[in-house]
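Each chain, letter by letter, is given below.
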Amino acid sequence: MSGGGRLSDDEFARLMAEMRTPTPAAARPPERTDYGPQVAFDTLPRFTELRTQRAAADLLGLQSPYHRLHEMRAGAVSRIEGRDVVNFASYDYLGLNGDPRITRAVADAAAQWGTSVSSSRLSAGERPAHGALEAGLAAVYAAEAALAFVSGHATALAVIPTLMGPNDLVVTDALMHNCVLLGAQYSPATRRTFPHNDLDALEAMLARDRDRFGRVLIVSEGLFSMDGDGPDLKRLVALKDRFGCWLMIDDAHGLGVLGATGRGIAEHAGVDPRAVDIWFGTLSKSLVSCGGYIAGPTALVDYLKAFAPGMVYSVGMPVPVAEAARVALKLMVAEPERVRRLSAHGTRFRAEVVARGFDVGTAWGCGIVPVIVGETIKTVQLAQGLLERGINVFPVLPPGVPDRSARLRFFLSAAHTDAHLDQALDALTQEAAALGLPLPRSG
């Protein structure tokens, strides 16, 4: 080697020649010949389960309820296979999807800013729409700051592991959404669950084990999407204060639905929203856009902006997407009659379903009304029969819900009419009777 630790040209040429010289056969490890054919994707563990389900459905003459093609904007009414149907399978709680004020704002934003910010906000920079949307979200929760993520599901996956370390504990309601459960799983913290809305069990768990951990995060939902109920928020706040925990509320289905003006579970429960440490939600439901958000103290938002991988390493939210959510939020606040109409629909629909003998579980009748059938096949048959009668409602089956609790999940909208509700109620009663399901109770 030449002086200074650098290779001379001759030494470099000799080294490259040695690297190109094949290794003698005797020195090479023997080649394997027992790998077999290339592994196919249909050998994945759950592919057999998928194939079995499809075969059973074909045998019973059932159509798959998944990934149905909608041939028009899906609002209170949609079009499937060329036929208009009353739609109870969308999250458009306030009937804002397609509102001309929103679509104009989106078109103007696309014309001015394009359809992408092209990189993460950390590197590509901010756009005015990001700050405007986040200011609106912060105001709804009386929070110091808010942060919008490009994906709602990815928000929880980014936030929980960023906040919780190996000496910490994440405690979740047993019926939490998949994104929160995965966020807890991906974090290095210890994970525990408490039975759905059982705050006595949560209190006992904290009294027994709180001292073993550093930080403790309690997570619940404002409105549970499968059951249509929610927690006792006042008591949750009292428990988190007593035991020195953080409280995170997933208000994805609560925003626009709960409370006199749609400000979510805090308004519904009469709780100061500042008593909740972390507000989490999505922009794809009442706000008819796409993405997720966090609202809370400035220190929380600054920390997530710097360290949450879903913010640092993900492309920023496109300006048209942010504008859709911003204008929808503005309309929610300015037009509370939408919230009142949705509330009236929910109260009436739940009462009528119960009066006709169906099981709605613990649902409050706020935006979401499940009709619990129990048996999986009967649930799919009921959904298919309703579609044939012009009612589109989605069946939710295990493992999405516990065994023997398969259900139809009616999402109500302020855009539905009384005639829509009556049509759905009559079709539900008639189709259930045709399938031999329990008839309405007398009296």
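Residues numbered from 1 in each chain as written. Predicted model: local features only at pLDDT ≥ 70, side-chain atom pairs only at ≥ 80, totals over all residues. Heavy atoms only, no water.

Caption draft 1: Just the nonpolar core, in detail. In terms of nonpolar packing, the biggest core is built from 87 residues, with Leu233 and Phe410 touching the most fellow members. Examining the composition of this core, we find that nine residues originate from one element, helix H13 (residues 319–334), more than from any other. In contact with leucine 233, not counting residues within four places along its chain, are Leu247, Ile249, Ile265, Ala266, Ala269, Val271, Val276 and Trp279. (Core = buried A, V, L, I, M, F, W, Y, C linked by side-chain atoms within 4.5 Å. Buried < 20%, exposed > 50% of the residue type's maximum accessible area, 1.4 Å probe, protein only. Helix = DSSP H or I, 4+ residues; strand = E, 2+ residues; numbered from the N terminus. Contact = heavy atoms within 4.5 Å.)

Caption draft 2: Structural detail: empty space enclosed by the protein. Within the structure shown, the criterion is met by two cavities of 30 Å³ or more. Estimates place the volume of the largest cavity at around 50 Å³. Lining the largest cavity, in full, are Arg121, Ala148, Phe149, Val150, Gly310, Met311, Ser314, Val315, Gly316 and Met317. Elements supplying a minimum of two residues to the lining of the largest cavity: strand S3 (145–149) and helix H12 (309–312). (1 Å grid on protein atoms, 1.4 Å probe; cavity = no way out; pocket = protein on both sides within 12 Å on 5 of 7 lines; lining within 4 Å. Points joined across faces, edges and corners; volume = space filled by probe spheres on them.)

Caption draft 3: Layout of the packing of helix H8 (residues 199–209) against helix H9 (residues 233–243). Two elements in contact, H8 and H9, have axes whose closest approach is 11 Å; the angle formed by their N-to-C orientations is 5 degrees. Between H8 and H9, the angle is such that the two are roughly parallel. Together, Leu199, Asp200, Leu202, Glu203, Leu206 and Ala207 of H8 and Arg235, Leu236, Leu239, Arg242 and Phe243 of H9 make up the contact between the two elements. Among the residues forming the contact of H8 with H9, the class breakdown is seven nonpolar, no polar and four charged. (Axes fitted to C-alpha atoms, helices over the stretch in contact; angles between N-to-C directions. Parallel < 35°, antiparallel > 145°, perpendicular 65-115°, else oblique. Nonpolar A, V, L, I, M, F, W, Y, C, P; charged D, E, K, R; others polar.)

Caption draft 4: A look at the side chain of aspartate 251. Mapping aspartate 251 onto the fold places it in the loop between strand S7 (246–250) and helix H10 (265–269). Within the buried core, aspartate 251 has no salt-bridge partner, and the shortest N-O distance to an opposite charge, that of arginine 263, equals 10 Å. When neighbours within four sequence positions are excluded, aspartate 251 is seen to be in contact with Tyr141, Gly222, Arg263, Gly264, Ile265, Trp279, Phe280, Gly281 and Tyr293. (Lys, Arg positive; Asp, Glu negative; His and termini not counted. Salt bridge = Lys/Arg side-chain N within 4 Å of Asp/Glu carboxyl O.)

Caption draft 5: Representation of helix H11 (residues 298–307). All of the buried residues in H11 are Leu300, Val301 and Leu304. What you see down the axis of H11 is that its buried residues fit within an arc of 95 degrees, all on one side. Exposed residues on H11 whose side chains face more than 90 degrees from its buried face are Ala299 and Phe307. (Arc of directions from axis to C-beta.)

Caption draft 6: Region of the structure containing the environment of serine 220. With respect to the helices and strands, the residue serine 220 is situated in strand S6 (residues 216–221). Separated by 47 residues in the primary sequence, serine 220 and aspartate 173 place their C-alpha atoms 5.6 Å from one another. Sequence-distant contacts of serine 220, that is, excluding residues within four places in its chain, are made with Asp173, Met176, Pro231, Leu236, Met248, Ile249 and Asp250.

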